[in-house]
Amino acid sequence: MSTAVAPRRTGQVLADLIPASRVRDVALVVGGAALTGLAAQLSVPVPGSPVPVTGQTFAALLVGTTLGARRGVASLALYALAGLAGLPWFAQGTSGISVSFGYILGMILASAAVGALARRGADRSLLRTAGTMLVGEAIIYAIGVPYLAYAADMSASAAIAAGLTPFLLGDALKAALAMGGLPTAWKLVKR
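Presented here is an overview of the structure given in this document. (Residues numbered from 1 in each chain as written. Predicted model: local features only at pLDDT ≥ 70, side-chain atom pairs only at ≥ 80, totals over all residues. Heavy atoms only, no water.)

## Focus on the overall build of the protein
- Summing up its helical and strand segments, the protein has 7 helices and 2 strands in all.
- Listing every helix and strand of the protein by position from the N terminus yields α-β-β-α-α-α-α-α-α.
- Compactness check: the protein gives a C-alpha radius of gyration of 17 Å against a globular reference of 16 Å for 191 residues, within 12% of the reference.
- For the C-alpha atoms alone, the extent of the protein along its principal axes is close to 65 × 40 × 35 Å.
- Taken across its 191 residues, the protein has 42% of its residues classed as buried.
- Taking the contacts inside the protein whose residues are at least 6 apart along the sequence as the reference set, 70% of them involve residues at least 24 apart.
- Carbon and sulfur atoms form 71% of the exposed surface of the protein, whose accessible area is close to 9,800 Å².
- Averaging the coordinates of the 14 positive side-chain charges in the protein and doing the same for the 6 negative ones gives two points 14 Å apart. (Helix = DSSP H or I, 4+ residues; strand = E, 2+ residues; numbered from the N terminus. Rg over C-alpha atoms; globule rule 2.2 N^0.38 Å. Buried < 20%, exposed > 50% of the residue type's maximum accessible area, 1.4 Å probe, protein only. Contact = heavy atoms within 4.5 Å. Areas by Shrake-Rupley, 256 points an atom, 1.4 Å probe, with all protein chains shown as cover. Lys, Arg positive; Asp, Glu negative; His and termini not counted. Charge placed at Lys NZ, Arg CZ, Asp CG, Glu CD.)

Written out as structure tokens, the structure reads:
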């Protein structure tokens, strides 16, 4: 009698619905980095903050959720490395290290978390998608705000006031977009 346990099958993310190949994976990783870079250009300065409102965080969470943890991390790491190398695709067409670079580091980790959650089905219903986006946003802020405080020589309360509070409403709107879009995409592909 065998006591071996059958391997646990992992769930799928949306990108897994495209036939598997190395070319697919490379295209998805490069495409995710490019999407994040383009979304970063949707940038609005926030009075009193060195950090603008951008579409960058939404794109990063969308990339992680749709590509999964491994490809999401690769995509956001490519985005960060290309920006560090001088490609002007960080917020407002910048590159290199700035006081807001901690948010980019947070996006890499957040893409891993939301990708892992999506593989477990966390992007298939409104409430679970909302929770997934909140986890991702919390990770981004948990790294971005302390980095901002350090890099800009701010107190913790000043960094929260400049790098968290002004963005909460926009993040709620981004989560609402994801809550509508991701479960709808799953319903469409099940047809």
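That covers the picture; the talk isn't over yet.
## What to know about the pattern of salt bridges
- Throughout the structure, instances matching the rule amount to 6 salt bridges.
- For arginine 119, the salt bridge identified is with aspartate 16, shortest N-O distance 2.7 Å. Pair noted here: arginine 119 is in helix H4 (residues 101-119) and aspartate 16 is in the segment before helix H1 (22-40), with a separation of 103 residues, a long-range link.
- Taken together, the shared-partner salt bridges in this structure form one network comprising Asp16, Arg24, Asp25, Arg71 and Arg119. (Salt bridge = Lys/Arg side-chain N within 4 Å of Asp/Glu carboxyl O.)

## Focus on the environment of leucine 169
- Turning to its location among the elements, leucine 169 is positioned in helix H7 (residues 168-189).
- Its relative accessible area of 64% is what places leucine 169 among the exposed residues.
- In sequence terms leucine 169 and glycine 121 are 48 residues apart; their C-alpha atoms lie 26 Å from each other.

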